[in-house]
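Now for the letters of each chain:
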Amino acid sequence: NIMNRDATTIFADIDSFDVERFVAHLTPDVTFRFGNADPIHGQDAVREAVLGFWSSIDGLTHHLVKVVESGDTMVAKINVEYLRKDGKSVTVPNADILEFDGDLVRDWQIYIDLAPVFA
């Protein structure tokens, strides 16, 4: 699997609900911060956190609105559609900042308010 900085590929791999496809985009020492949660460090910790979060939903789809790249930094404006456990779909605005080391993400910050998803 050839890694690259293509936002469409990265977010499609998240939407696949396959955690290994997701963590393959991360450096071993990645820092990952979801919303206002404490930052987590390393692929294993991210894998565990993502699987925990995914267990609370039935699926998700990232609808990319705009992607801006500058040097090793990518900013993605996204509408994220979550499929809730009750079968309802909720879409919330989101911004991700990805900092790359080569073709892998070494720092990933997600700005999102998940309250509507669990309301």
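Here's a quick rundown of the structure. Because the structure is predicted, anything quoted here is derived from the model rather than measured.

Attention now goes to the overall build of the chain. Helix and strand content of the chain: four helices and six strands. Along the chain, helices and strands appear, N-terminal first, in the series α-α-β-β-α-β-β-β-β-α. For the chain, whose C-alpha radius of gyration is 14 Å, the value lies close to the compact-globule estimate of 14 Å for 119 residues. For the C-alpha atoms alone, the extent of the chain along its principal axes is close to 40 × 30 × 30 Å. Put simply, the chain has 119 residues, and 36% of those count as buried. In the chain, the proportion of contacts linking residues at least 24 apart, taken out of those at least 6 apart, comes to 48%. Per element, the accessible surface of the chain, about 6,300 Å² overall, is 52% carbon and sulfur. In the chain, which carries 10 positive and 20 negative side-chain charges, the distance between the mean positions of the two groups comes to 6 Å.

With that out of the way, let us pick up the packing of aromatic side chains. Per the counting criterion, the structure on display carries eight aromatic pairs. Ring geometry for Phe22 versus Phe32: centroids 6.0 Å apart, planes at 75°, classification edge-to-face. Here Phe22 is found in helix 2 (residues 19–23), whereas its partner Phe32 is found in strand 1 (residues 26–34), with ten residues between them in sequence. In this structure Phe22 comes out as buried when scored by relative accessible area, which is 3%. Centre to centre, the rings of Phe34 and Phe53 are 5.3 Å apart; their planes meet at 45°, and the pair counts as tilted. Taken together, the positions of Phe34 in strand 1 and Phe53 in helix 3 (residues 43–54) put the pair 19 residues apart, joining distant regions of the chain.

If you trace the six strands from one edge of the open sheet to the other, you get 2-1-6-5-4-3, paired in mixed fashion. The open sheet is flanked by strand 2 (40–41) and strand 3 (59–70), the only strands paired with a single partner. The pairing of strand 3 with strand 4 (residues 73–83) spans eleven bridges and is antiparallel. Bridge assignment links Gly59 to a residue of strand 4, and that residue is Leu83. The strands touched by helix 1 (residues 7–15) within the sheet are strand 3, strand 4, strand 5 (89–101) and strand 6 (104–112), with strand 3 carrying the most contacts at an inclination of about 160°. Packing of helix 3 onto the sheet brings it into contact with strand 1, strand 2, strand 3 and strand 4, and relative to strand 1 it is tilted by some 40°.

This next bit is on the nonpolar core. A general tendency of soluble globular proteins is for nonpolar side chains to be buried together. Of all hydrophobic cores here, the largest spans 31 residues; its most connected members are Phe11, Phe22, Leu26, Trp54, Tyr82, Leu98 and Trp108. Secondary-structure elements contributing two or more residues to this core are helix 1, helix 2, strand 1, helix 3, strand 4, strand 5 and strand 6. Of all the elements, strand 4 adds the most residues to this core, at five residues. Every residue in contact with Leu26, bar those within four places of it in the chain, is listed here: Gln43, Val46, Leu104, Val105 and Trp108.

Where charged atoms from two side chains of opposite charge approach closely, those side chains can pair. In the structure shown here, the tally under the stated rule is eight salt bridges. For the salt bridge of Arg5 with Asp103, the shortest nitrogen-to-oxygen distance reads 4.0 Å. Residue Arg5 is found in the segment before helix 1, and its partner Asp103 is found in the loop between strand 5 and strand 6; the two are separated by 98 residues along the sequence. Its salt-bridge partner being Asp13, residue Arg21 comes within 2.6 Å of it at the nearest N-O pair. What you see here is one network of salt bridges that share partners, running through Arg5, Asp72 and Asp103.

Procedures and definitions
- For every chain, the first residue of its written sequence is number 1, and the numbers climb from 1 along that sequence.
- It should be noted that, the model being predicted, local features are given only for residues of pLDDT at least 70 and side-chain atom pairs only at 80 or more, the latter also being counted only at that level, while totals for whole chains, interfaces and linings use all residues.
- Derived side-chain values reflect all non-hydrogen atoms in the structure, with water molecules and hydrogen atoms excluded from consideration.
- Helical segments are the DSSP runs of H or I of at least four residues, strand segments are the runs of E of at least two, and each set is numbered from the N terminus.
- Here the globule rule reads 2.2 Å times residues to the power 0.38, and the radius of gyration is calculated from C-alpha atoms.
- The classification of residues rests on relative accessible area computed with a 1.4 Å probe and restricted to protein chains. Under 20% of the type maximum is buried, over 50% is exposed, and intermediate values are partly exposed.
- Only heavy atoms matter for contacts: two residues are in contact if any of them lie within 4.5 Å across the pair.
- Residue burial considers only the protein chains on display, and all accessible areas are found by Shrake-Rupley using a 1.4 Å probe.
- Think of it this way: Lys and Arg go in the positive column, Asp and Glu in the negative one, and His and the chain ends go nowhere.
- The location of each charge is read from NZ of Lys, CZ of Arg, CG of Asp or CD of Glu.
- Under the pairing criterion, centres of Phe, Tyr and Trp rings, with the six-membered ring standing for Trp, must be within 6.5 Å; the plane angle then separates stacked pairs below 30 degrees from edge-to-face pairs above 60, leaving the rest tilted.
- DSSP-based pairing: two strands are paired if at least 2 bridges between them are found.
- A fitted line through C-alpha atoms represents every axis, and for helices the fit uses only the stretch in contact; the resulting angles, taken between N-to-C directions, go from 0 to 180 degrees.
- Remark: nonpolar core denotes a set of buried residues (Ala, Val, Leu, Ile, Met, Phe, Trp, Tyr, Cys) joined through side-chain atoms within 4.5 Å.
- Here a salt bridge means any side-chain nitrogen of Lys or Arg lying within 4 Å of a carboxyl oxygen belonging to Asp or Glu.

On their own, these measurements won't tell you what the molecule is for.
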